[in-house]
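Listed below are the residues making up each chain.
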Amino acid sequence: MRKAFAQPTVLTLSLCLLALIVLAGLWPSSGAELSLLDKNLPPSLNHLFGTDWLGRDLFSRSLKALLASFYTGGLAVALSCSIALLLAMLAQVNCAARWCVDLLVDVFMSLPHLLLLILLALAFGGAQHGLIMAIALSHWPRLTRLLRFEMQAIANAPYFQLAKQFGQSPLTVIRRHMLPHVIPQWLVGGVLLFPHALTHMAALTFLGFGLDPVNPSMGALLSQASQYLLTGHWWLALCPGGLLLISLLILSYIANALITALRRGPQTHVSGGEFA
Amino acid sequence: MLATGLRLALQLVLVILLAYLLLAWSPLDPINSYLNGNLFGISVEQKAALVSSLGLDQSVAQRMWHWLCELVQGNLGFSPLYQQSVFDIIKERLPISLLLIGLSWLASLIFGYALGLLAGFYQGRWLDKIIRNCAWLVACIPSFWLGMLLISLFSVALSLTPVCCAAPLGMQFSEQSLLSMAYHLLLPVLTLALVHMAPIVLHTREKVIDVLDSDFVEYSRLHGDSKASVLSYHVIKNSLLPAIVLHFAGFAELFGGSILAETVFNFPGLGSTLVKAGLANDTALLMGCTLISAILVFVGNLSANGLSKSLLAGDKR
């Protein structure tokens, strides 16, 4: 993993992303100030992303929206990854548990992702915590499946069998001999989930099931922009979406570099899993 | 084969139960959404009548049992949002969605496969790099944003394509001419196909590179076979079916994408209906749409399974 960050592009991109987040956090304007005199301005030096129909500066709004999306998305991904790890460990207990976990993964994967998100968001009553729970409860299956196969391979390895036969308690064996091999996979899986979570969050908010449109979030900005699309205010859609896309691209690039490093890395004797 | 089929059917049943429980668990008040938030506009007796007519005075298990019994008889319930039976709504809107999904499925398969073939054949050259980077870029783009950009470019700025809907104003979808149908379907299909093309491009590329590296291709090359005959005899034969299997298995994501595309393009299909039903908390309609999409995914998985089984059997022979 250290090797991945030694690559100059990965390092630069991570620093860029970090700088973007810090900039968004420290940006003085909240983007909520109305100024009806300069409404609907196209992008210029004064207003980098232009202004919207109430004269709010779109650049500040997009930055704050990005920050909010990162916060909610990060929370949701952390929850989702924990669920995945717990279930994958549960599947190691015995045959019945493995069958149940497999079935659960398959059931959650046999609805279109977005539909499952809508159902979950409705079940938790929308708003921010509904959105976080929906993302957390719908993104775990793929990672769980990956971790389960990974753990299965380790459990069949001779050194693990030996460690078990030395009579250590199952918990110790898992903690000392299984987790160190799985944790890198798990972390990279989390990084890889992050762009997916951001996209789905924006999509869900865009459809109207997520965050309140009053607080700036990427989906809300874009869904409001779609109402002004036909009047020719293209920058309302292009600029915030572009910012989102750039962060998604950076994240996915970093995740891909991490996976490649992990596959080549010396510490994993089990072949890295395939993410589709 | 039978075992996988049974397991998939079990998944179908469990998914429907899960969806029903999730909706029943929702804290949003169906009475409130039925009355558009005007909860105090009715008297206590009227409210009680409404509760019993919507079946809310029964327990969740009773309601679910009732819904399942009705389902077996082919009755999907009544939608308060459209004031129509759910079956009629689905019958009216499903064909449009299926047309949209089917066309995008085909388009992304054909173009994705062709691009993957090109990229694999020219591995390491600039063409391969361009295709790979484009696939990566397209996979990252949120589909609804892509749709919005396409609208503002082709429909608003260039006025080449219609701005919304599936038919000219005041017309039903099936009443228009084929040309006008294609004209209205162009942008949504383009959006969906672009977004779902990336996996198939990358998968085909890997597969083609594998085949080109294999011993039998080396052997046929040593015998002086031309590039074209290697391509048609070995590469396409070995890479087309896996690509189709993968594409069947990705059917669920295509349906999810159609929800967004239909909302962006204001298309009167099943996906946009589903969103409206969800926003209005119309449980019967939402369950109907969920059922249909679960069945679609079930069929997609079953076909992928069957195809890959026959593929493996062909290998053994």
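Rules used in this analysis
Residues numbered from 1 in each chain as written. Chains lettered and ligands numbered in written order. Predicted model: local features only at pLDDT ≥ 70, side-chain atom pairs only at ≥ 80, totals over all residues. Heavy atoms only, no water. Helix = DSSP H or I, 4+ residues; strand = E, 2+ residues; numbered from the N terminus. Buried < 20%, exposed > 50% of the residue type's maximum accessible area, 1.4 Å probe, protein only. Contact = heavy atoms within 4.5 Å. Lys, Arg positive; Asp, Glu negative; His and termini not counted. Charge placed at Lys NZ, Arg CZ, Asp CG, Glu CD. Areas by Shrake-Rupley, 256 points an atom, 1.4 Å probe, with all protein chains shown as cover. Axes fitted to C-alpha atoms, helices over the stretch in contact; angles between N-to-C directions. Parallel < 35°, antiparallel > 145°, perpendicular 65-115°, else oblique. Left-handed = near helix turned anticlockwise from the far one by under 90°. Nonpolar A, V, L, I, M, F, W, Y, C, P; charged D, E, K, R; others polar. Phe/Tyr/Trp six-rings, centres within 6.5 Å; stacked < 30°, edge-to-face > 60°. Lys NZ or Arg CZ within 6 Å of the ring centre and 35° of its normal. Expected span 1.5 Å × (residues − 1). UniProt positions renumbered as here; feature names shortened; annotations may be inferred. Salt bridge = Lys/Arg side-chain N within 4 Å of Asp/Glu carboxyl O. Polar contact = N/O pair within 3.5 Å; in protein donor to acceptor, adjacent residues only side chain to side chain.

S.K.: In this structure, what is going on with the overall build of chain A? I would like to understand it.
M.R.: Looking only at helices and strands, chain A features 11 helices and zero strands. Ordered by position from N to C terminus, the α and β elements of chain A give α-α-α-α-α-α-α-α-α-α-α. Considered along the principal axes of its C-alpha atoms, chain A spans approximately 75 × 45 × 25 Å. Among the 276 residues that make up chain A, the fraction classed as buried is 55%. For chain A, restricting intrachain contacts to residue pairs at least 6 apart in sequence, the fraction spanning at least 24 positions comes to 71%. Between the centroid of the 15 positive side chains of chain A and the centroid of its 9 negative side chains there is a distance of 15 Å.

S.K.: Any chance you could explain the overall build of chain B here in plain terms?
M.R.: A tally of helices and strands in chain B yields 14 helices and two strands. Its C-alpha atoms give chain B principal-axis dimensions of about 90 × 55 × 35 Å. Across the 317 residues that make up chain B, the buried fraction comes to 43%. Pairs at least 24 residues apart make up 72% of the contacts formed inside chain B by residues separated by at least 6 positions. A total accessible area of about 16,200 Å² is found for chain B, and carbon and sulfur atoms account for 67% of it. Chain B carries 17 positive and 18 negative side-chain charges, and their two centres are separated by 9 Å.

S.K.: Is there a simple way to think about the environment of Ile154(A) in this case?
M.R.: With respect to the helices and strands, Ile154(A) occurs in helix H7 (residues 140–155). Note: C-alpha distance between Ile154(A) and His177(A) (23 residues apart in sequence) is 8.7 Å.

S.K.: Sorry, what's going on with the packing of helix H4 (residues 95–109) of chain A against H7(A) here?
M.R.: Helix-helix packing: each pair is described by the crossing angle between the helix axes and the interaxial distance. Residues and elements named next belong to chain A. Running from N to C, H4 and H7 cross one another at 150°; their axes reach a closest spacing of 9 Å. In terms of axis orientation, H4 runs roughly antiparallel to H7. Along this stretch, H4 crosses H7, giving a crossing that reads as left-handed. Within the contact between the two elements, H4 uses Arg98, Val101, Asp102, Leu104, Val105, Asp106, Phe108 and Met109 and H7 uses Trp140, Pro141, Arg142, Thr144, Arg145, Arg148 and Gln152. Looking at the contact of H4 with H7 residue by residue, the classes come out as seven nonpolar, two polar and six charged.

S.K.: Looking at this structure, how should I read the packing of aromatic side chains?
M.R.: In this description, a pair of aromatic rings is defined by centroid distance and the angle of the planes. Residues and elements named next belong to chain A. If you walk through the whole model with that rule in mind, you get nine aromatic pairs over all chains. Geometrically, the ring pair formed by Phe108 and Trp140 is tilted, given 5.0 Å between the ring centres and 55° between the ring planes. Remark: Trp140 occurs in helix H7 and Phe108 occurs in helix H4; sequence separation between them is 32 residues. Neither residue differs from the other here; Phe108 and Trp140 are each classed as buried. Across the ring face of Phe149, the terminal group of Arg148 is positioned such that the distance to the ring centre comes to 5.0 Å.

S.K.: Even after reading the chapter, I still don't get helix H11 (residues 234–264) of chain A, so can you show me in this structure?
M.R.: Because each turn of an α-helix spans 3.6 residues, side chains separated by three or four positions end up pointing in the same direction. Under the 1.5 Å per step criterion, the end-to-end length of H11(A) is 44 Å for 31 residues, consistent within 8% with the ideal 45 Å. H11(A) sits mainly inside the fold: 23 of its 31 residues count as buried.

S.K.: What am I meant to see in the UniProt feature "transmembrane region" (unreviewed entry) in chain A here?
M.R.: All names here are of chain A. Mapped onto this numbering, the UniProt entry annotates "transmembrane region" (unreviewed entry) at residues 68–91, 103–124, 186–211 and 231–254. For residues 68–91, the helix share is 96%, the strand share is 0%, and the end-to-end C-alpha distance is 35 Å. Taken end to end, residues 103–124 is 82% helix and 0% strand, and its two terminal C-alpha atoms sit 23 Å from one another.

S.K.: Where do I start with the pattern of salt bridges in this structure?
M.R.: A pair can form between side chains of opposite charge whenever their charged atoms are brought close. Tallied over the full model, the rule gives seven salt bridges over all chains. We note a salt bridge from Asp102(A) to Arg148(A), for which the minimum N-O separation is 2.8 Å. Of the two residues, Asp102(A) sits in helix H4 while Arg148(A) sits in helix H7, which places them 46 residues apart along the sequence. The buried category is assigned to Arg148(A), whose relative accessible area is 8%. Across the pair Asp128(B) and Arg205(B) runs a salt bridge, and its minimum N-O distance is 2.7 Å. With a gap of 77 residues between them, Asp128(B) in helix H6 (residues 126–140) and Arg205(B) in helix H9 (residues 198–213) connect regions that are remote in the sequence. Each member of the pair, Asp128(B) as well as Arg205(B), is classed as buried. Bridged by salt links that share partners, the residues Asp128(B), Arg132(B), Arg205(B) and Glu206(B) form one connected network.

S.K.: Explanation requested: H6(B) in the structure shown.
M.R.: Along its 15 residues, H6(B) runs 21 Å from first to last C-alpha, staying within 8% of the 21 Å computed at 1.5 Å per residue. Looking at H6(B), one finds that the buried residues are Asp128(B), Ile131(B), Ala135(B), Val138(B) and Cys140(B). Residues of H6(B) that are buried in the fold lie against H11 of chain A together with helix H5 (86–121), helix H8 (178–195) and H9 of chain B.

S.K.: I keep staring at the packing of helix H3 (residues 58–90) of chain A against H7(A) and nothing clicks. Help me out?
M.R.: Residue and element names in this part refer to chain A. At their nearest, the axes of H3 and H7 sit 8 Å apart, and the two run at 40° to each other. Where H3 crosses over H7, the handedness of that crossing is right-handed. Note on element contacts: H7 touches H3 through Trp140, Leu143, Thr144, Leu147, Arg148 and Met151, opposite Ser80, Cys81, Ile83, Ala84, Leu85, Leu87, Ala88 and Met89.

S.K.: How do you make sense of the side chain of Ser60(A) when you look at a structure like this?
M.R.: Examined against the element boundaries, Ser60(A) turns out to sit in helix H3. Looking at Ser60(A), its side chain comes within polar contact range of the side chain of Asp57(A), at 2.8 Å.

S.K.: Even after reading the chapter, I still don't get the interface of chain A and chain B, so can you show me in this structure?
M.R.: In this complex, chain A contributes 44 residues to the contact, which on the side of chain B involves 43 residues. Counting across the chain A and chain B interface gives one salt bridge. With a shortest N-O distance of 2.8 Å, Asp106(A) and Arg7(B) are connected by a salt bridge. Where chain A meets chain B, there are three residue pairs in polar contact (both at pLDDT 80 or more). Breaking the side of chain A that touches chain B down by element, the ones donating at least two residues are H4, helix H5 (113–123), helix H9 (170–207), helix H10 (218–227) and H11 of chain A. With 12 residues, the single largest contributor to the side of chain A that touches chain B is H11(A). Grouping the constituent residues of the side of chain A that touches chain B by class yields 31 nonpolar, 11 polar and two charged.

S.K.: How should the environment of Gly73(A) be read in this particular structure?
M.R.: All names here are of chain A. Note that Gly73 resides in helix H3. Each C-alpha atom of the pair Gly73 and Leu230 lies 30 Å from the other, and the pair is 157 residues apart in sequence. Leave out the neighbours within four places in its chain, and Gly73 touches Phe194, Leu198 and Met201.

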